[in-house]
Amino acid sequence: YTILSKVHSDRNVYPSAGVLFVHVLEREYFKGEFPPYPKPGEISNDPITFNTNLMGYPDRPGWLRYIQRTPYSDGVLYGSPTVENVGKPTIIEITAYNRRTFETARHNLIINIMSAEDFPLPYQAEFFIRNMNVEEMLASEVLGDFLGAVKNVWQPERLNAINITSALDRGGRVPLPINDMKEGVYVMVGADVPFSSCLREVENPQNQLRCSQEMEPVITCDKKFRTQFHIDWCKISLVDNTKQVSTFQEVVRGEGILPDGGEYKPPSDTLKSRDYYSDFLITLAVPSAIALVLFLILAYIMCCRREGVEKRNMQTPDIQLVHHSAIQKSTKELRDMSKNREIAWPLSTLPVFHPVTGEIVPPLHTDSYDNTSMPLMQTQQNLPHQTQIPQQQSAGQY
């Protein structure tokens, strides 16, 4: 039979508050819960993904993060527990999904947060490493090498990694997939001694000016990190909690009981009648009266104040009226005369030969021509539709 889901035994971990917590979800740990490939001897390499959530809730606690790049890589739970969660067991439900068989395996991770002895560490420094991703930095060997380099530069008695954050979670952009570019990671460490002179070099005015000009500052201890870690010294943050003045004000909490405001009196169920006559006058009658007055004024101006043709003629001198009348009469006579004229088209503007057959075309409007008038072009006297070919004479005649 096929097992659709299996539950592992609970696993307990004991991280400290204010110290980086890392838990790796190994694929090999869950492979035994899924059936092997149908062919014997074939290596099982199923794609497995994980889903993590707080028991009874759809998501994880705010301080806990999870990352898994591909279904063929391990998942990582990481974060920095807070003091508020000390003494309270946090149960994380981990569900593994086999993407080949669609089976699941589940177990619980019980996180028992312990209080640190000297938490919080007063001196904290946050580094931005450009050539690392989160899952690469969370590896114990890489993180140990980085803490060793910081300890060599800082020389503290106690040094802890407080938190690790991806640059994408801080507003960074996804890098281009060229030259094996990394997204970058922020690593915060804490120590119990003041910052070293090498770390203080970032606060020099010369280095601050170079950072403002997008130039790399000059740090003497950068060579101790450069072999493995490329640190952006312009983004380093140094926090001294011993010099910070606490602005926290204690909140005075009351008993949680509202003051007595007397007996509640709901509004009456019956509504009083209301007279809408005044509202009618304001919204309709007054604008209508104003519009009527304006209409009457406009009608008086347009109709009663109009001068007219008779008044215009009365105010015009007689001599101007006589001239105007004479001009109109002469214009009318000229137009009548131009309508009665019939002028024949000149022969020079008429076609002489047919464009296709080459025959002589008779002139148009022959009846309207005057027989006594001489045409503009002299033509041979022949028939209308015949062309005379000159006869050949004998060789002896001239």
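If you check an unreviewed UniProt entry, the protein appears there as Epsilon-sarcoglycan from Cardinalis cardinalis. Reading the Function (unreviewed entry) entry of the UniProt record for the protein gives the comment "Component of the sarcoglycan complex, a subcomplex of the dystrophin-glycoprotein complex which forms a link between the F-actin cytoskeleton and the extracellular matrix."

What is the right way to read the overall build of the protein from this model?
Looking only at helices and strands, the protein has nine helices and 12 strands in total. When the 398 residues of the protein are sorted by exposure, 27% land in the buried category. When the accessible surface of the protein is summed, it comes to about 29,800 Å², and 55% of that surface belongs to carbon and sulfur atoms.

Just to check I follow, could you spell out the pattern of salt bridges for this structure?
Any two side chains of opposite charge can pair, given that their charged atoms come close. Using the criterion set out here, one finds 10 salt bridges in the structure. Here Arg100 and Asp46 are joined by a salt bridge, their closest N and O atoms 2.7 Å apart. Note that Arg100 is positioned in the loop between strand E7 (90-98) and strand E8 (104-111) and Asp46 in the loop between helix H1 (27-31) and strand E4 (48-54), a separation of 54 residues in sequence. Exposure remark for Arg100: the relative accessible area of 29% places this residue in the partly exposed category. What emerges from the salt-bridge pattern is a single network uniting Arg69, Glu135 and Glu183.

Please explain the state of the cysteines as it appears in this structure.
Where two cysteines share a covalent bond between their sulfur atoms, that bond is called a disulfide. A full pass over the atoms with the stated rule returns two disulfides. With a sulfur-sulfur separation of 1.5 Å, Cys198 is cross-linked through a disulfide to Cys221. Because the torsion about its S-S bond is -80°, the bridge between Cys198 and Cys221 counts as left-handed. With Cys198 in helix H4 (residues 197-200) and Cys221 in the loop between helix H5 (205-212) and helix H6 (223-226), this residue pair connects regions lying 23 residues apart in the sequence. You can call Cys198 buried: its relative accessible area is 8%. Across the disulfide from Cys211 sits Cys234; the S-S distance is 2.2 Å. Here the S-S torsion is close to -85°, and the disulfide linking Cys211 with Cys234 is therefore left-handed. Pair noted here: Cys211 is in helix H5 and Cys234 is in the loop between H6 and strand E12 (237-240), with a separation of 23 residues, a long-range link. In the protein, the cysteines engaged in disulfides, taken in order along the sequence, are linked 1-3, 2-4.

Quick question: what am I supposed to make of the nonpolar core here?
When a protein is soluble and globular, its nonpolar side chains tend to lie buried together. Ranked by size, the top nonpolar core spans 38 residues in total, and within it Phe127, Met137, Phe146, Trp154 and Trp233 carry the most contacts. Those elements giving two or more residues to this core turn out to be strand E6 (75-79), strand E9 (123-129), helix H2 (134-137), helix H3 (140-154), strand E10 (159-166), strand E11 (185-191) and H4. Residue contributions to this core peak at seven residues, all from H3. For Trp154, the contacting residues outside a window of four places in its chain are Tyr123, Ala125, Leu159, Val189, Ala191, Val193, Pro194, Phe195, Ser196 and Leu199.

Can you walk me through the UniProt feature "transmembrane region" (unreviewed entry) in the protein in this structure?
Taken from the UniProt record, the annotation "transmembrane region" (unreviewed entry) applies to residues 280-303. Helix makes up 100% of residues 280-303 and strand 0%. Its end C-alpha atoms lie 33 Å apart.

Just checking my understanding: could you explain the sheet that holds E6 for this structure?
Backbone hydrogen bonds are what pair the strands of a sheet, in a parallel or an antiparallel way. Spatial strand order, E3-E6-E5: three strands in an open sheet with antiparallel pairing. Of all the strands in the sheet, just strand E3 (21-25) and strand E5 (64-67) have a single pairing partner and so form its edges. The mean inter-strand angle of the sheet, taken between neighbouring strand axes irrespective of direction, is 20°. The pairing of E5 with E6 spans four bridges and is classified as antiparallel. If you follow Leu64 over to E6, its bridge partner there is Gly79.

Any chance you could explain the packing of aromatic side chains here in plain terms?
Geometrically, a pair of aromatic rings is defined through the distance of the ring centres and the angle of the planes. Applying the stated rule across the entire model yields 12 aromatic pairs. Judged by centre distance (6.2 Å) and plane angle (50°), the ring pair of Phe146 and Phe225 falls under tilted. Highlighted residues: Phe146 in helix H3 and Phe225 in helix H6, separated in sequence by 79 residues. Both residues of the pair, Phe146 and Phe225, belong to the buried class. Between the NZ or CZ atom of Lys235 and the centre of the ring of Phe128, over which it lies, the distance is 4.6 Å.

I tried to follow unusual backbone geometry on my own but got confused; where do I start?
In most cases, non-glycine residues show a negative phi, while peptide bonds are predominantly trans. Positive phi outside glycine occurs at Phe102, with the angle close to 60°. Here Glu214, not a glycine, exhibits a phi torsion of approximately 55°, which is positive. As for its position among the elements, Glu214 is in the loop between H5 and H6. Look at Glu214 and you get exposed, because its relative accessible area is 77%.

For this particular structure, what's the right way to read helix H7 (residues 277-304)?
Turn by turn, an α-helix covers 3.6 residues, leaving residues three or four places apart pointing in a common direction. Here H7 is 28 residues long and its end C-alpha atoms lie 37 Å apart, about the 40 Å a rise of 1.5 Å per residue gives. The largest bend along H7 measures about 35° and falls at Ala285, with the proline Pro287 one to four residues further on.

What exactly am I supposed to notice about a nonpolar patch on the surface here?
Taken together, the side chains of Val286, Ile290, Val293, Leu294, Ile297, Leu298, Tyr300, Ile301 and Met302 present a nonpolar region at the surface, about 890 Å² in accessible area. Following the sequence through the fold, Ile297 ends up in helix H7. Residue Ile297 is classed as partly exposed on the basis of its relative accessible area, which comes to 46%.

Please clarify how the environment of Pro81 should be interpreted in this entry.
Here Pro81 lies in the loop between E6 and E7. As a C-alpha pair, Pro81 and Leu20 span 61 residues in sequence and 7.5 Å in three-dimensional space.

I'm lost on the environment of Val185 in this one. Help?
One can find Val185 in strand E11. Take Val185: its relative accessible area is 0%, and that puts it in the buried class.

Cut-offs used in this document
- Residues numbered from 1 in each chain as written.
- Predicted model: local features only at pLDDT ≥ 70, side-chain atom pairs only at ≥ 80, totals over all residues.
- Heavy atoms only, no water.
- UniProt positions renumbered as here; feature names shortened; annotations may be inferred.
- Helix = DSSP H or I, 4+ residues; strand = E, 2+ residues; numbered from the N terminus.
- Buried < 20%, exposed > 50% of the residue type's maximum accessible area, 1.4 Å probe, protein only.
- Areas by Shrake-Rupley, 256 points an atom, 1.4 Å probe, with all protein chains shown as cover.
- Salt bridge = Lys/Arg side-chain N within 4 Å of Asp/Glu carboxyl O.
- Disulfide = S-S within 2.5 Å.
- Core = buried A, V, L, I, M, F, W, Y, C linked by side-chain atoms within 4.5 Å.
- Contact = heavy atoms within 4.5 Å.
- Pairing = 2+ DSSP bridges.
- Axes fitted to C-alpha atoms, helices over the stretch in contact; angles between N-to-C directions.
- Phe/Tyr/Trp six-rings, centres within 6.5 Å; stacked < 30°, edge-to-face > 60°.
- Lys NZ or Arg CZ within 6 Å of the ring centre and 35° of its normal.
- Expected span 1.5 Å × (residues − 1).
- Bend = angle between axes of the 7 residues up to and from the residue.
- Patch = residues over 30% accessible without salt bridge, like charges linked within 9 Å, V, L, I, M, F, W, Y side chains within 5 Å.

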